[in-house]
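# Architecture and fold: a report
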Amino acid sequence: MHQVYTAIFEPGFFASPQVQVAVTIGGLVAIVSAVTGVFTVMRGQSFGGHALGDVSAAGGSGALLIGLSPIAGFVGLGVVGAAAMDMIGVRRLRGRDLATGIVLGAAIGLSALFLYLTTTGGATTGATQQILFGSIFTTAGGTVPVVAILGAIALAGIAAVYRPLLLSTVSQDIAAARGIPVRLVGLVYMLALAVSVGLSSLAIGAILSTALLIGPAATALRLTKRVGRALGLACLIGVAASWLGVLLAYDSFYWGASHLALPVSFFIVAIVFVAYLAAGIPAARAAARGNRMAALGVAAENERIPA
Amino acid sequence: MTDNASAETTSPTILDVESVSVTLSGRRILDEVSFTIGAGEFTGLIGPNGAGKTTLLRVILGLQRPGSGGVSVLGRPRSPRNQPIGYVPQKVLLDPDMPMRAKDLVALGADGNRYGFRLRSADRNDAVREMLHAVDADRFADARVGTLSGGEQQRVLIAQALISRPRLLLLDEPLANLDLHSGQEIVGLLARIAREQQIAVLLSAHEMNPLLPVMDRVVYVAGGRAASGPTAEIVTSEVLSRLYGHHVEVLHVHGRVLVVAGEAAGTDPAAARIASAGMG
Amino acid sequence: MFAVGFMMNAWITATIVAVVAGVVGYFVVLRGSAFPAHAIPKGAFAGAAGASLLGINTLIGLAVFSVLGALGIGTLGRRGRNDVVTALALVMMLALGAAFLSRTTQYEPEIYSLLFGEILGVSASQILPVAGLGIACIVAVAVIYRPLLLSSIVPEIAEAKGIRAYRIEICFLLVVALATAMTVPVVGALLIFSLMIGPPAAARSFTSRPLLAMALSVAIALITVWVAIAASYIYNWPVGFFVGVLGALSYGIGRAWSASRSRAPAAALGPP
């Protein structure tokens, strides 16, 4: 029994201070990402969420360049990028994606510049890797309060506009008719998104922040038809994925003869991806069943035949 | 310019549209449109497709700024923050996996403009249930709104608009997606609620016959111009010809109204072209 | 900057890349496929990193991962939400890339050049393969041009003519994958995207006729890369920076142009 225990929790796991920091930050980030992620998926803004990750990356590398803490850059430029996307954005979906793409292109350009200046300036090595893929095991413990506070602010923002945001997601016109300031509510959401992406960039890297944002949320939305439950479920999945990811990453150090551990980000993303695919199975089976029954001329039990 | 029939409204004026003109992409869509609607009045906004009905509704909602003229609701200039209006858009594009059941959407209709979360409330749940029952939507109260058919969605949207007890209710082409029977049910339901709760209802349609039994007044829009007043006075060959800018005939056939374009009265009807779908 | 040997290579390669990006990008913008156009190159980057690790030619890794990405997005997108699937497929490939990269520690310059390109370091021997693949891309677009155009603008009519939307989508994504595989080694995974979005988006603001818009999109892409290379040569800053900024600039000019057009005063109307 003891052997099974040590196989799962390699020695020193619970005692290691880095692990404690990683688990705390991972959990906090997962919750904030899950909540903003549910709204992101509902609003069809996965691209925007991903683009903000790259914008954050530009911010992080810029911050490194001028010697600021990366988190300031991640969140700072993320907020600017979100505001820009909101301002340029148009109502039509494709126009909005284009605007997102343009901001993204500009951010990538900035990233290129900052990283180039950083590496030619002879400063930190591995800067690119850290910005893009995260540093959850190497983050200082002092960052935890900052993450907690920023995360709380983002969540408070979403909570404040919860109902108007839902209604305007269903229909902007209905919301406007009810007196909701649709642009303002949308902006609050974008800013919360920017903060959330910035924080998860710190944990698992700018590029992979999308996984914690979209994955648990999309999975939860496949499983339940009530927003409240979707939020709870997404948080659960996100936190589970991130803790399990930390555990596996820690353990992987002990696998095999070479002591090169696999990165946390890899495990978290893999878990999230598998969860999403698994959640699709019940729906796929129902659809297949519906197809078979339709072929037999019978309406499936729970299927609605559109009038 | 608008022709206003002389009928006086005795109920308090809810909506006052004054000389509204709108120009879009170089085209004058609406030209000095004026009319008023009083409490409990059921008004049809009739006109051919593209006449500017949706534009007019958007002006009233505050989503489109008129080039000139103005709209006031309950005596105060229209501003989205002042008086919430109940609005039922023609169609709402929703993803099938949007996590919102019909009853959730109706509940949002009640308090969707209040900030923060909602706490559980038995009263509100009762109100939602009642409203869904009133529009005959109990069957699919628990279904995701994205999976509903056009007609089902329409009912849910109407419930969502009514639950907030608006003074003014706007509906954009609600009958377009419905079969005849459902359309009649919806129209009857709306007329009854309008009377009982003294709501001013403005419902746009390109086909006026289903509304004839319940319409108190009509606002007929064509050629960018509008005429408003009691149906019998407005839907006449003279008035409509002036609006369209060319001669149209209004025929009454078996209690239905038929609007046809053509030469002066006496011409072979087979040669007449149908100007707007007025066939019952 | 024209006399030096390696610069000539850079000019030539950049021209080829811009033409391909302009043509493929026209459809990317038309179909609203900005996200897949970003995701496939990025996913390809992960493949290149993996190939590097295993010691095989990076082009193979690029090709494999970009095709995998295209197919993944296309097939999974049938059942799930398209943007969600694109996001998850992308991060899954990137995570694999991260796993590959973590195996060694000396990849900093490699990562940078795979992401942002090494166009000033293109050697003469690379030109021919790039040109070949570029021609293959253009030919592919020419072959599916009409069904692709029809299906992008009026999908219902296309379906009625027997053009299955799903098949066209897969074909299109594979073209993007091909364009990616040939251009990532030169302009980098992140930048091919900028070239496929900015110039075509700007071109669309000026005209809506397909062939004209495509030509304009190629023209703007060419100007963008040429100016970027020249600026990079003079100021020593990375080419990618100028490409990104110029892309945003051309989009902005396009938006301003169409905004000013729609505010034109209405023609005088006769009496009612």
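Fair warning: this is a prediction, and the values are worked out from it, not measured in the lab.

For the rest of this paragraph, the subject is the overall build of chain C. The number of helices and strands found in chain C is 11 helices and zero strands. Shown N-terminal to C-terminal, the secondary structure of chain C runs as helices and strands in the order α-α-α-α-α-α-α-α-α-α-α. Taken along its principal axes, the extent of the C-alpha atoms in chain C is 80 × 50 × 30 Å. The long-range fraction of contacts in chain C, counting pairs at least 24 apart against all pairs at least 6 apart in sequence, stands at 76%.

What follows covers the overall build of chain A. Each helix and strand in chain A was counted, giving 13 helices and zero strands. Along chain A, helices and strands appear, N-terminal first, in the series α-α-α-α-α-α-α-α-α-α-α-α-α. For chain A, the proportion of its 307 residues judged to be buried stands at 57%. If you take every contact in chain A between residues at least 6 apart in sequence, the share linking residues at least 24 apart comes to 73%.

Right, let's get into the interface of chain A and chain B. Each partner contributes residues to the interface: chain A has 28 residues there, and chain B has 33 residues. Secondary-structure elements contributing two or more residues to the side of chain A that touches chain B are helix H7 (143–160), helix H8 (162–170), helix H9 (172–177), helix H11 (209–223) and helix H12 (227–252) of chain A. Here the side of chain A that touches chain B gets six residues from one element, more than from any other, and that element is H8(A). In terms of residue class, the side of chain A that touches chain B is built from 18 nonpolar, three polar and seven charged.

Now for the nonpolar core. Counting residues in each nonpolar core, the largest one holds 283 residues, and the members touching the most others are Val38(A), Tyr220(B) and Val24(C). At 16 residues, the largest contribution of residues to this core is made by helix H4 (residues 82–102) of chain C.

With 19 residues, helix H4 (residues 70–88) of chain A extends 27 Å between its outermost C-alpha atoms, agreeing within 8% with the 27 Å of an ideal straight helix rising 1.5 Å per residue. For H4(A), the complete set of buried residues consists of Pro70(A), Ile71(A), Gly73(A), Phe74(A), Val75(A), Leu77(A), Gly78(A), Val79(A), Gly81(A), Ala82(A), Met85(A) and Asp86(A).

Structurally, the position occupied by Tyr115(B) is in the loop between helix H2 (102–111) and helix H3 (122–134). Overall, the presence of 14 C-beta atoms within 10 Å leaves Tyr115(B) in the partly exposed class. In this structure Tyr115(B) touches Ala160(A), Val161(A), Arg163(A) and Pro164(A), once residues within four positions along its chain are discounted.

Our focus in this paragraph is the interface of chain A and chain C. In this complex, chain A contributes 46 residues to the contact, which on the side of chain C involves 41 residues. Where the side of chain A that touches chain C is concerned, the elements lending two or more residues are helix H3 (46–66), helix H5 (93–120), helix H6 (127–133), H11 and helix H13 (264–295) of chain A. With 18 residues, H5(A) is the largest single contributor of residues to the side of chain A that touches chain C. Residues of the side of chain A that touches chain C, tallied by class, amount to 28 nonpolar, 16 polar and two charged.

All names here are of chain C. On average, residues of chain C carry a pLDDT of 82, and 90% of them reach 70 or more. In the model of chain C, helix H5 (residues 108–116) stands out as the element of lowest mean pLDDT, 70, in contrast to helix H10 (residues 210–235), which has the highest, 90. With pLDDT under 50 throughout, residues 264–272 is counted as low confidence; its partners more than four residues away or in other chains account for nine contacts. Both scores are available for the predicted complex, with the pTM at 0.83 and the ipTM at 0.81.

Residues and elements named next belong to chain B. A sheet is described by the order of its strands in space; here four strands give the open sequence S3-S2-S5-S6, paired in antiparallel fashion. Pairing within the sheet leaves two strands with one partner each, and these edge strands are strand S3 (27–38) and strand S6 (76–77). Direction of pairing for strand S2 (residues 13–24) relative to S3: antiparallel, over a ladder of eight bridges. By the bridge assignment, Val22 is partnered in S3 with Leu30. Sitting on the sheet, helix H1 (residues 53–61) is in contact with S2, S3 and strand S5 (68–73), with an inclination near 120° to S2.

Further remarks concern the packing of helix H8 (residues 165–187) of chain C against helix H9 (residues 189–206) of chain C. All names here are of chain C. The geometry of H8 relative to H9 is characterised by a closest axis approach of 7 Å and an angle of 115° between their N-to-C directions. Of the possible angle classes, the one that applies to H8 and H9 is roughly perpendicular. Here H8 runs over H9; the crossing is right-handed. Residues Thr180, Thr183, Val184 and Val187 of H8 lie in contact with H9, whose contacting residues are Ala189, Leu191, Ile192 and Leu195. Grouping the amino acids of the contact of H8 with H9 by side-chain chemistry returns six nonpolar, two polar and no charged.

Residues and elements named next belong to chain B. Buried residues dominate strand S8 (residues 168–172), accounting for five of its five residues. Burial along S8 is two-sided: the residues Leu168, Leu170 and Asp172 and Leu169 and Leu171 are all buried. By the bridge criterion, three bridges tie strand S7 (residues 86–88) to S8 in an arrangement that is parallel. Its bridge partner being in S8, Tyr87 is matched across the sheet by Leu170. Once the chain exits S8 it traverses helix H5 (residues 180–197) before rejoining the sheet at strand S9 (residues 200–205), and the crossover so formed is right-handed.

All names here are of chain C. Counting through the fold element by element, Leu90 comes out in helix H4. We classify Leu90 as buried; it has 30 C-beta atoms within 10 Å. The spatial distance from the C-alpha of Leu90 to the C-alpha of Phe35 is 9.8 Å, given a sequence separation of 55 residues. In contact with Leu90, other than residues within four places in its own chain, are Ala39, Lys42 and Gly43.

What counts as what
Residues numbered from 1 in each chain as written. Chains lettered and ligands numbered in written order. Predicted model: local features only at pLDDT ≥ 70, side-chain atom pairs only at ≥ 80, totals over all residues. Helix = DSSP H or I, 4+ residues; strand = E, 2+ residues; numbered from the N terminus. Contact = placed C-beta atoms within 7 Å. Buried ≥ 20, exposed ≤ 12 C-beta atoms within 10 Å, placed from the backbone. Nonpolar A, V, L, I, M, F, W, Y, C, P; charged D, E, K, R; others polar. Core = buried A, V, L, I, M, F, W, Y, C linked by C-beta atoms within 7 Å. Expected span 1.5 Å × (residues − 1). pLDDT = per-residue confidence, 0-100. Pairing = 2+ DSSP bridges. Axes fitted to C-alpha atoms, helices over the stretch in contact; angles between N-to-C directions. Parallel < 35°, antiparallel > 145°, perpendicular 65-115°, else oblique. Left-handed = near helix turned anticlockwise from the far one by under 90°. Right-handed = clockwise from strand over helix to strand, strands pointing away.

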